[in-house]
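Examination of the molecular architecture
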Amino acid sequence: MTSAPSITVAEALGSMPSQIANSLGDRVLEKCLTKAGLPGNVSDKLGSYIPEVALNRFLDFAAKSAGDDLFGLHLAHDLSVTDYGVWGDYVLEAANLRAALERAARIIHLHADKDTLEVRQGPNSTFFRYTFGERTSVGYRQTALAALGPMLSVPRYFLGSQWLPSSIGLDLKETRCEAQIEAQIGTAIRGDRSCVFLEIANSDLVAPNPHGTEGCTTVGDVKRACRGGPPTDLVPCLEHLILQRLGSQDVGLDDIAWTIGTSMRTLQRKIDLAGTNFRSICLSAKMCKARELLTESSATVSSIALQLDYSTASHFARAFRKQYGVGPMEYKKLKITQPLQLS
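So, a few notes on the structure that sits alongside this text. (Residues numbered from 1 in each chain as written. Predicted model: local features only at pLDDT ≥ 70, side-chain atom pairs only at ≥ 80, totals over all residues. Heavy atoms only, no water.)

1. Brief notes about the sheet that holds strand β6 (residues 188-190)
Cut-off, in case you're wondering: Strands were regarded as paired on the criterion that DSSP finds at least two bridges between them. Secondary structure follows DSSP: runs of H or I at least 4 residues long count as helices, runs of E at least 2 residues long count as strands, and numbering of each begins at the N terminus. Axis geometry follows a simple rule: fit a line to the C-alpha atoms, using only the stretch in contact for helices, then measure angles between N-to-C directions, giving values from 0 to 180 degrees.
Read across the open sheet, the five strands follow the order β3-β4-β7-β5-β6; overall the sheet is mixed. For this open sheet the edge positions go to β3 (116-121) and β6, each flanked by a neighbour on one side alone. Neighbouring strand axes in the sheet, compared pairwise and without regard to direction, differ in orientation by 20° on average. Sheet topology note: the strand β5 (residues 167-169)/strand β7 (residues 196-201) ladder contains three bridges and is antiparallel.

2. Here's the deal with the packing of helix α2 (residues 26-36) against helix α3 (residues 52-66)
Convention followed: Left-handed describes a crossing in which the near helix is turned anticlockwise from the far one by less than a right angle; the clockwise case is right-handed. Whether two residues are in contact is decided by their heavy atoms, any of which lying within 4.5 Å being enough. The nonpolar class holds Ala, Val, Leu, Ile, Met, Phe, Trp, Tyr, Cys and Pro. Asp, Glu, Lys and Arg form the charged class, and all remaining residues, Gly among them, are polar.
Look at α2 against α3: their axes get within 8 Å of each other, and the N-to-C directions meet at 145°. Pair α2 / α3 crosses with right-handed handedness. Contacts between α2 and α3 involve Val28, Leu29, Lys31, Cys32, Leu33, Lys35 and Ala36 from the first element and Ala54, Arg57, Phe58, Phe61, Ala62 and Ser65 from the second. Each residue belonging to the contact of α2 with α3 can be placed in one class, and the counts come to nine nonpolar, one polar and three charged.

3. Looking at the pairing of β7
Test applied: For the exposure calls, accessible area comes from a 1.4 Å probe over protein chains only, and a residue counts as buried if that area is under 20% of its type's maximum, exposed if over 50%, partly exposed in between.
Along β7, five of the six residues are buried, which leaves the element largely enclosed by surrounding structure. Where strand β4 (residues 125-131) lies against β7, six bridges are found, and the strand directions are antiparallel. Directly across from Phe127, in β7, lies its bridge partner Glu199.

Structure, rendered in structure tokens:
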């Protein structure tokens, strides 16, 4: 199978879209999303995933619009793992800080397929280390700075909102803004490192859960909320991205290639290696959406055809019947909720 690009949950955007809208205006937010190739409502869709290159591009354009080289750091102040829904609940329901960090490291693959979190303990300090899957693509600087918000939110949940790490590491490969970052955060910055990290005193790791007991959220709950985690193969990933865009954005090969940060030719070659073609992938996504609309809404066949970019209702009905052996209205009347076998 051909592997998917680096993908993260849409909840990784957290409050960033609203922060950008509040500080720079709705038009700038819309431009940031368009520049990144992201749907306007993507952050509202639970269980949705976005390419990490798109996240980098989104923040990079926002920073340039603001004229602020540390824009990601300003966003970080209002970011928290609580933005991640059930994923964050599971982390923060741990018995103590050490257990919370270990939980985060254990389930990071459900948040982003190629990101890593590590907990490395030394004689006096423990390093909570985060490596982003697309740390070499354009715009990563802002993503690294913004990532400090969710990372700091975990120990601060256990130790109080004023807690500071012994030091912070940033993998920005330059040190020109270290003094500014230190002044804003209030602790030592170590630049030119291989990851983003927090240095935490070992004595802080035993800080108990402020609510006194562990919560009841399980890894199973996280898996269900995250739909089992990001799609790790290319074709399911492309179907997911196409589904996000149906009815609101173009879904051509060039549009999807831009969103995942590659060229049309490269994407076409990878699709060929996966043994399929882009038209078939689009058809699969459209039929999935059609089934959902037919069984979960009162949408007419004509409106569904329009949303799925069919020129006429009859063209849509013909494609649906070819795929499933029954027409859309027959399917709707039968209230079939599982895909039929291909005829």
